[in-house]
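# Breakdown of the fold
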Amino acid sequence: MKNSSLFILITLLTYGCMKAPKVPETCSFNTDTSNYFSIQDNSDSPGRAYNVFCKKVLVFGISIYATCEVSDEDLLHAANVMAQYLDNDENEVVDNPLVLEKMLEAKSALTLFGKENSKRQRRFFNTNGDEYSPESAQDLYGTETFPGWNKTQPFDATLEEVLHLVTAKGYSIAYPSVFGENQGSELANAMDFARGGQFNDIPSSYPEGAWYSYDDKTCDYQCQVTEYFYWALTSLLGAQDFPGRFDEISHEWRANTTALVESMDPGVFSLLTDSTYKLPTTLPDGSYRQ
């Protein structure tokens, strides 16, 4: 019994301290330069956690990493979407340099895995102690990435996950009183209005009339603000306005068109259309400067 308990303890400790490979994994990739961005190997990985990735693309200094299971097409698609969010007019100059500066200071990164809960994903998020922490990363999966998406099902999650990184590691830090993911910021106040109250934890039910009713119990207040930013901005950009989409998302977001955001949520409409912050005004299509 004693030996059995010791074995279980060692197993748990080993799993909790899973280490990435000592050197970055390697894989082959397309070196075609017809795309604006080029894929490079991850031989200069910034830390143990990032050794699970074999290739990457740099977008204005932000790294987008991918494991060997991720196709080159999906990786380049994510890079193009990132570039279009940051440089929406595609003139090769970031629209809001302060946002990029904060993203770089936070050592933010987009990490692509073949699928959710894969071996490499678990290894990445269980590796600690590096300067470049997994906490600075936003994950995306090949199974939810759809290059060439044109307002059809299934939805291209690249538009969501890349934006999460830009807002959480960029806008929220650059403008904490405006876009901060904490109670009292202008964005958080607008969110609480949309939810019909201020809820630290997900309520069992939202008040009647709420148009933002995200119900993932694992999503804390900060996470709720991140999701609200995504829903509101992408609705203004037209990403949520296509046949069947309202029925799919209305259990958590009902203002899925530009007109509905303006009429139902004038506070966030005014905030997100304020040219001061140079937010995107055109939805990325994954074809930066092409």
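The model shown is predicted, which means the values in this text are computed figures rather than measured ones.

Looking only at helices and strands, the chain features 11 helices and five strands. Taken against the 2.2 N^0.38 rule, which gives 19 Å for 290 residues, the C-alpha radius of gyration of the chain at 20 Å falls within 12% of a compact globule. Structurally, the chain occupies a C-alpha span of about 60 × 55 × 35 Å along its principal axes. Per-residue burial over the chain gives 52% buried out of 290 residues.

On to helix α2 (residues 72-86). An ideal rise of 1.5 Å per residue puts 21 Å on 15 residues; α2 measures up with 21 Å between its terminal C-alpha atoms. Judged by how many residues are buried, α2 sits mostly within the fold: 14 of 15 residues are covered.

So, about the pattern of salt bridges. Opposite charge on two side chains makes pairing possible when the charged atoms of those side chains draw close. In this structure the tally under the stated criterion is nine salt bridges. We note a salt bridge from Lys-56 to Asp-44, for which the minimum N-O separation is 2.6 Å. One end of the pair, Lys-56, is in strand β2 (residues 55-59); the other, Asp-44, is in the loop between β1 (40-41) and β2, and 12 residues separate them in sequence. Between Arg-245 and Glu-248 there is a salt bridge whose closest N-O contact spans 2.9 Å. Taken together, the positions of Arg-245 and Glu-248, both in helix α9 (residues 245-249) and three residues apart, correspond to about one turn of that helix. In this structure Arg-245 comes out as buried when scored by relative accessible area, which is 5%. Of the residues examined, Glu-248 reaches a relative accessible area of 39% and is grouped as partly exposed. Where salt bridges share partners, they join Glu-25, Glu-69, Arg-120 and Arg-123 into one cluster.

A few words on the confidence of the model for the chain. Chain-level pLDDT for the chain is 91 on average; 92% of the residues reach the 70-or-more range. Predicted confidence is poor over residues 1-17, with pLDDT under 50, and the contacts of this stretch with residues over four places away or in other chains come to four contacts.

Buried residues dominate strand β5 (residues 137-141), accounting for five of its five residues. With burial as the criterion, each face of β5 is covered, one bearing Ala-137, Asp-139 and Tyr-141 and the other bearing Gln-138 and Leu-140. For strand β4 (residues 109-113) and β5, the ladder comprises five bridges, and the chain directions are parallel. Residue pairing in the sheet places Leu-110 in a bridge with Gln-138 of β5.

Cis geometry is found at the peptide bond from Gln-153 to Pro-154, where omega equals -5 degrees. Structurally, Pro-154 is set in the loop between β5 and α5 (158-174). Even without glycine at this site, Lys-107 takes up a positive phi of about 55 degrees. Take Lys-107: it is sitting in the loop between α3 (97-105) and β4. With a phi angle near 65 degrees, Asn-117 is a residue other than glycine that sits in the positive phi range. Take Asn-117: it is sitting in the loop between β4 and α4 (119-125).

With that out of the way, let us pick up the sheet that holds β2. As a general point, the strands of a sheet are linked pairwise by backbone hydrogen bonds and lie either parallel or antiparallel. Taken in spatial order, the five strands line up as β1-β2-β3-β4-β5 in an open sheet, and their pairing is mixed. Edge positions in the sheet fall to β1 and β5, since each has one partner strand and no second. For β1 and β2, the ladder comprises two bridges, and the chain directions are antiparallel. From the neighbouring strand, Gln-40 faces β2, where its bridge partner is Lys-56.

Reading the values: the criteria
The numbers attached to residues start from 1 for each chain and follow its sequence in the written order. Predicted model: local features are reported for residues with pLDDT of at least 70 only, side-chain atom pairs are reported and counted for 80 or more only, and whole-chain, interface and lining totals are derived from all residues. Calculation of side-chain values draws on the structure's entire complement of heavy atoms; hydrogens and water are dropped beforehand. Where helices and strands are cited, they refer to DSSP runs of H or I of at least four residues and of E of at least two residues respectively, numbered from the N terminus. Radius of gyration: over C-alpha atoms. The globule rule applied is 2.2 Å multiplied by the number of residues raised to the 0.38 power. Summary of the burial criterion: residues with accessible area below 20% of their type's maximum are buried, those above 50% are exposed, and those between are partly exposed, where the area comes from a 1.4 Å probe applied to protein chains only. Here, expected helix span is obtained from the residue count minus one, scaled by 1.5 Å. Definition used for salt bridges: Asp or Glu carboxyl oxygen within 4 Å of a side-chain nitrogen of Lys or Arg. As a per-residue measure, pLDDT tells how confident the predictor is, with possible values from 0 to 100. For this analysis, residues touch if any pair of their heavy atoms sits within 4.5 Å. Note: two strands are recorded as paired if DSSP finds a minimum of 2 bridges between them.

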